[in-house]
Each structure stands twice: as C-alpha cells, then as structure tokens.
Amino acid sequence: MIELSHIVKRFGDKLAVDDVSFTVGEGEIVGFLGPNGAGKTTTLGILTGYLSATEGDAKIDGVDILEHPSEAKRKIGFLPEYAPLYLDMTVKEYLSFVYDLKGVKLPRAAHLEEISAVARITDVYHRVIKNLSKGYRQRVGIAAALVGNPKILIFDEPTVGLDPAQIVEIRGLIRTLGRDHTIILSTHILSEVQAVCDRIVVIDHGRILADKTTAEFTQITEAPTRLNLRIEGEQDAILRFLRSFNGVKSAEALSRAEEGVYTYYVETAEGRDVRRDLFFALAEKDFAVLGMEALGVSVEDIFLRLVQGTDKKPAKKEVR
Amino acid sequence: MGAIYRRELCAYFISPIGYVFVGVFLMLSGAFFALSTLFSATTSLSAYFTYVLLSFVVLIPLLTMRQFSEERKTKTEQLLLTSPVSLWGMVAAKFFAAFTLFGVTLLLSCINFLFIRPEHGTVNVPVMFAELFGVLLCGAAFCALGLFLSSLTENQLIAAITSIGAIVAMLGLGFVTPDISNTVLRSTLKWFSIFDRFYTFSYGLFDFTSLFYYTSIAFVFLFLTVRVLEKRRWG
C-alpha cells in the first residue's frame, strides 16, 4: 500500500532523512516512533507530496508521488502536526472546502455528515473553528483527512497538546479507523504506538533503527531494567547485598525516606526481571522491602538499546 | 482550483479587508473623479485614470499581502500542498480571486462616469474604454506582483510593505526615465515602466504590445510564485 525506498532528504548541508525504506501493507496500523527532530515529519512530508525527496521513491498504492502527484494524493488523508484549519470558517464550511479541494464525487451532504459522525464532531458542525477546543479542532483535522474516504490515513503527532481524556479519545478514534484503513501514526510517545499500532518503525537521526511488530517490541520494553526500591535496614549492608545480587548491574542509595529506610535505584541486566527473586532474597536477609517500583522504559532507553544493538553487530563481525 | 478561488473570495469578506478595499477604492476614485474631471470642467478621464493607477500603491497590497503569507503562518498551506491541486492551479486560483475583487470594484467605480456633465463636452468613449482596459491590465500585473511577494514571507506586513515598494518603483520609473541620458539604460528602464505602456491606452489605442506587456508581467510573477513554492518543497 505504501512503499518508501531509499529515501534521502537533505536541507542544505543537513541530512534530515538518510536512506529510509519501509513498506506498509493494506490494513496495517504502523507506528512511526522517534524523538523530536528524528526525521518523522520530513519522511511523512515526502510521503504526502508536501516535500520532495533528494533521492529515492515513494509510492502510494503503486503510484509514484512525484510522477503522478494528484492521483497519489487522492489516496491519502493527512493530518499534519498542526491541524491545517481555517479558523474563520465553520466546521461545515471547512469540510465542504476540503471536499471541493479534493474533488470528491460522493454525495456531499451525506458524506460530510457521515465523517462528522465518525470523528464525533456532529455537535459542533455549525460552529466557527476558532471557538473550538484543541481536542475538537484535532477531530475536525481528522475529519478533513477522512473526506473522500481515502484508503490511507497519515497522522503526524495527533495527540500533542491534548489533555489525557482527549488523548484517550483520539487514540480510540484512530483504532476504530484502523479497521478499514491503512494508517501511519507518527509519534514520540512509546505507549501511544503500543496502544494503537500493529507494527512499529523506529527512526532516529533520519535512519530507521528497528521495524518490528508491536509484540516483538513489547518484549524488549516489558522487562523492567530500572527499579526504585524502598528498603528498611542498614544502608551499606543493603547496598553490598544489592550489588552482589545475580542480575543486578548497579545499585545506589538515593535518599533517606524515613527513619532507617532508604530509597535505592537499581539497574538490572538486559531482559531480566529480577523483582520476585530480589524481593524474597531481601526478605530472607531481614531487609524489609517497603516499596518497589518498576520504572517505565523511556523512548530514550529504547533508542539507546536499539543503537547499542546495531553497534554490536559489526563488532561481532570483526571478532570473526 | 475552484475551491481555492471561492475560499479566497469569501475570505476577503470574512475579514474586513474586502470591505476596506472596496470602500477605500470607491471613495478615492470618487474623490479623484471630482477633482480631475468635475472641478476641472473637462470630460477627459486621463488624469482620473492616472490617479486611480497611483492609488494601487496602497490598494493592491491590501488584496495580496495575506494570500500566501497567512497560509504559511497558520500552516494551512500544508492542506493545499497535500491536496490533489497543482501548484499552478493554486497560484492561479489565488491570483484570479484577487483580480476578480479588483476588477469588480473597478467596474463599480465606473458609476462615477454617470456624473460627467454634458456642458463640459462629449466623452470620447473609445478612449475611456481603452484606458479602463489599461487600468485593468495594470491591476492584473500588480496583483501577480503582490502575490509573488506574499509567497516569499510568512509575515503579512512585510509582504504589504515590499509590495508597496515594488509598485512605487514600477510606477516611479515613468517619472524618472525621461531624465536619464544613457540611451541603453533609459530604454531598458522604460521597458519596465508601467506608465509608459499605459499612455498608449490613453490615446484610445488597443495596443497589442501593451496587452502582451502587462499579461507577460503578470505571467512572469505567477511563474516565479510557482517556483518559490516548488523550491520550498525541495528544501
């Protein structure tokens, strides 16, 4: 459905996208994950015909975006990072404008009402966009992407700036749309792609670091490698014990929580969940565990792991 | 293309810009007509049209200053650039929207001619139409120029000021060229002078070279606008 091959994009001397290739099959929801400035928006810009690639091809449903831009663009519904709304128009006028802009042939009133219902903006249909909340504006942006029933939907950071309730709602909406659309969802939030996508493509510094199914990805991220512990007992003895414990990479005392109780920060070896073993072992030594918190895996950690993973490969080759 | 054209025309009247343009244009043209024709007890409209042409310095930038700069600032240009409309279609739609409002207002201002006093003489109708046509062509060239300058910045004010400067320069050339002694320089600058071409219309001539001149100026600026948008896409 979507095919990017060897895309390179330079802005002057700056290499924004460096040899990016991936494909998205029909009906897939693919998460495009990367920190800010990783090259996500640039790649999506190339995919949607907003930018031109310095090298490489982008094909939408078999149609090259540079050779046949109009045909390719008709197949895409795009919500950029900042929803491109004319604030002085009502929702109805705006959607009607997008309908004309895309040259849609479906019955106008019925089609616009249908997508308004899907995007849940029926109650603000006659209101001026300027007066809508950020959440509603985002949904109007999504509705605009849906005009003309394109097969492919591309959302660039759709939940940025929304409150938690709105985020949940937008994610739910994207999941619902995923039932009959091919979707690319770009974000820098790990939990967002895990919640919504079937597959995750990770990009950083313009290069693809990983392309895995969400299940594979979750395996990497699930075993907590950083723990915050609150343990009662003598600090030095506990530190010695933690550091000698099998599976613990490092341990340090952070602060005194209460009388005789300290907070410790523990990092464990890759892919090992030592929480149970550690709990019982500490109990056996009469160190009471008053609190244990597995720290979430940050996107930065994953990048670090993926980068380390890619660095290791050539090293192994050299040894051989 | 039609969608952008309609949106642009509507946008003039959603904001006060459209009303300000029409109001000021009609007010100024009324004043010019009274001063140059009625009070001078003449039926010649040459002076009137010259004043109208000079008023474009402030009037045309009103129409064109926000056309691309505002889209860029509010990021709505992403919607246009990712839609199945060509760059030429987009630029032409915006140009014709500005030109339509300008043209309709110019025609409205012709109401002034109903007040020509018969006792001042008879009106030379072919000359009047030729001059009106010349003003219309000039306006088209300035609309294209303003549109081009609006595509270079995301700040409306800068677009407006540079447009004013550029229109002043193009009109001003007509006053400066006769004093230049270097023949090559004089004839080159004369070529760019909007006024010099306009005079042929004031003789009542439908001069095809002038028609070609104004339409090619408009075309060149529209072409440059397309190139600016294209270049931005290539980074």
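Analysis parameters
- Residues numbered from 1 in each chain as written.
- Chains lettered and ligands numbered in written order.
- Predicted model: local features only at pLDDT ≥ 70, side-chain atom pairs only at ≥ 80, totals over all residues.
- Heavy atoms only, no water.
- Phe/Tyr/Trp six-rings, centres within 6.5 Å; stacked < 30°, edge-to-face > 60°.
- Helix = DSSP H or I, 4+ residues; strand = E, 2+ residues; numbered from the N terminus.
- Buried < 20%, exposed > 50% of the residue type's maximum accessible area, 1.4 Å probe, protein only.
- Axes fitted to C-alpha atoms, helices over the stretch in contact; angles between N-to-C directions.
- Parallel < 35°, antiparallel > 145°, perpendicular 65-115°, else oblique.
- Left-handed = near helix turned anticlockwise from the far one by under 90°.
- Contact = heavy atoms within 4.5 Å.
- Nonpolar A, V, L, I, M, F, W, Y, C, P; charged D, E, K, R; others polar.
- Domains from an automatic or database assignment.
- Core = buried A, V, L, I, M, F, W, Y, C linked by side-chain atoms within 4.5 Å.
- Expected span 1.5 Å × (residues − 1).
- Bend = angle between axes of the 7 residues up to and from the residue.
- Pairing = 2+ DSSP bridges.
- Buried area = accessible area lost by both parts, 1.4 Å probe.
- Salt bridge = Lys/Arg side-chain N within 4 Å of Asp/Glu carboxyl O.

J.: So what's going on with the packing of aromatic side chains? Residues and values would help.
T.: Each pair of aromatic rings is reported with the distance of its centres and the angle of its planes. Under the counting rule described, the total for this entry stands at 26 aromatic pairs over all chains. Centre to centre, the rings of phenylalanine 22 of chain A and phenylalanine 32 of chain A are 5.4 Å apart; their planes meet at 40°, and the pair counts as tilted. A residue pair is termed long-range when its members are at least 10 positions apart, and phenylalanine 22 of chain A in strand S2 (residues 14–24) and phenylalanine 32 of chain A in strand S3 (residues 29–33) qualify at 10 residues. The same class applies to phenylalanine 22 of chain A and to phenylalanine 32 of chain A, which are both buried. With 5.2 Å between their ring centres and 70° between their planes, tyrosine 213 of chain B and tyrosine 214 of chain B make a pair best called edge-to-face.

J.: Requested: an account of the packing of helix H5 (residues 134–146) of chain A against helix H6 (residues 164–177) of chain A, with residues and values cited.
T.: Residue and element names in this part refer to chain A. Two elements in contact, H5 and H6, have axes separated by 10 Å at closest approach and are oriented at 15°. In terms of orientation, H5 lies roughly parallel with respect to H6. In terms of crossing hand, the pair formed by H5 and H6 is right-handed. Note on element contacts: H6 touches H5 through Gln166, Glu169, Ile170, Leu173 and Leu177, opposite Gly135, Gln138, Arg139, Ile142 and Leu146. Here the residues of the contact of H5 with H6 are counted per class, giving five nonpolar, three polar and two charged.

J.: For the domain arrangement of chain A, give the residues involved together with the corresponding values.
T.: According to the domain assignment, chain A contains domain 1 (2–221) and domain 2 (225–294). Measuring from the centre of the C-alpha atoms in domain 1 of chain A to the corresponding centre in domain 2 of chain A gives 44 Å.

J.: So what's going on with the nonpolar core? Which residues, and what values?
T.: Tyr94, Leu95, Phe97 and Phe155 of chain A are the most contacted members of the largest nonpolar core, which totals 149 residues. Broken down by element, the residue count for this core peaks at 15 residues, all from helix H7 (residues 125–150) of chain B. For phenylalanine 97 of chain A, the residues in contact, after removing those within four places along its chain, are Tyr86 and Met89 of chain A together with Ala3, Ile4, Arg7, Leu79 and Leu80 of chain B. Formed by 19 residues, the second largest nonpolar core is a distinct cluster that contains Leu227, Tyr264, Val266 and Ala281 of chain A.

J.: If you had to explain the packing of helix H3 (residues 91–101) of chain A against helix H1 (residues 2–14) of chain B to someone new, which residues and values would you point to?
T.: Each packed pair of helices is defined by two parameters, the angle between the axes and the distance between the axes. Between H3 of chain A and H1 of chain B, the least distance of the axes is 8 Å, while the angle of their chain directions is 145°. Contacts from Phe97, Asp100 and Leu101 of chain A of H3 of chain A reach H1 of chain B at Ala3, Ile4, Arg6 and Arg7 of chain B. When grouped by side-chain class, the residues that make up the contact of H3 of chain A with H1 of chain B number four nonpolar, no polar and three charged.

J.: Lay out helix H3 (residues 46–64) of chain B with the relevant residues and their values.
T.: For H3 of chain B, built from 19 residues, the straight-helix expectation of 27 Å at 1.5 Å per residue is met to within 8% by its first-to-last C-alpha distance of 27 Å. Residue valine 57 of chain B marks the point of greatest curvature in H3 of chain B, where the axis turns by about 50°; the proline proline 61 of chain B follows within four residues.

J.: I'd like a rundown of the sheet that holds strand S1 (residues 2–11) of chain A, residues and numbers included.
T.: All names here are of chain A. Across the sheet, which stays open at both edges, the four strands sit in the order S2-S1-S4-S5 with antiparallel pairing between neighbours. On the outer flanks of this sheet lie S2 and strand S5 (63–64), each paired with one strand and no other. Taken together, the five bridges between S1 and strand S4 (residues 55–60) define a ladder with antiparallel strand orientation. Residue pairing across strands places leucine 4 opposite alanine 58, the latter belonging to S4. Set on the sheet, helix H1 (residues 40–47) makes contact with S1, S2 and S4; between it and S1 the angle comes to about 120°.

J.: Before we move on, could you go through the interface of chain A and chain B and cite the residues and values that matter?
T.: Residue-level contacts link 28 residues of chain A with 21 residues of chain B. Taking both partners together, chain A and chain B bury about 2,400 Å²; carbon and sulfur atoms supply 63% of that area. The largest share of the area that chain A buries against chain B comes from Tyr50, Tyr86 and Leu101 of chain A, three residues that together contribute 30% of it. For the salt bridge of aspartate 88 of chain A with arginine 7 of chain B, the shortest nitrogen-to-oxygen distance reads 3.1 Å. When residues of the side of chain A that touches chain B are traced back to their parent elements, those giving at least two are S1, helix H2 (69–74) and H3 of chain A. In terms of residue count, H3 of chain A provides more of the side of chain A that touches chain B than any other element does, five residues in total. Partitioned by chemical class, the residues of the side of chain A that touches chain B number 16 nonpolar, five polar and seven charged.

J.: Give a description of the sheet that holds strand S14 (residues 288–294) of chain A that names residues and reports values.
T.: All names here are of chain A. An order of S12-S13-S11-S14 is seen for the four strands of this open sheet, with the pairing classed as antiparallel. A strand with exactly one partner marks an edge of an open sheet, and here the two such strands are strand S12 (248–258) and S14. Geometrically, the sheet is characterised by an average inter-axis angle of 20° between neighbouring strands, direction not taken into account. Here eight bridges tie S12 to strand S13 (residues 261–268), and the two strands are oriented antiparallel to one another.

J.: Which residues make up the pairing of S3 of chain A, and what values go with them?
T.: Residues and elements named next belong to chain A. Most of S3 sits out of view: five of its five residues are buried. Here S3 shows a buried face lined by Ile29, Gly31 and Leu33 and a second buried face lined by Val30 and Phe32. With five bridges connecting them, S3 and strand S8 (residues 182–187) associate as parallel partners. Counterpart to valine 30 in the pairing with S8 is isoleucine 184. Relative to strand S9 (residues 199–204), S3 is paired through four bridges, and the arrangement is parallel. Residue pairing for S9: leucine 33 is matched across the bridge by valine 202.

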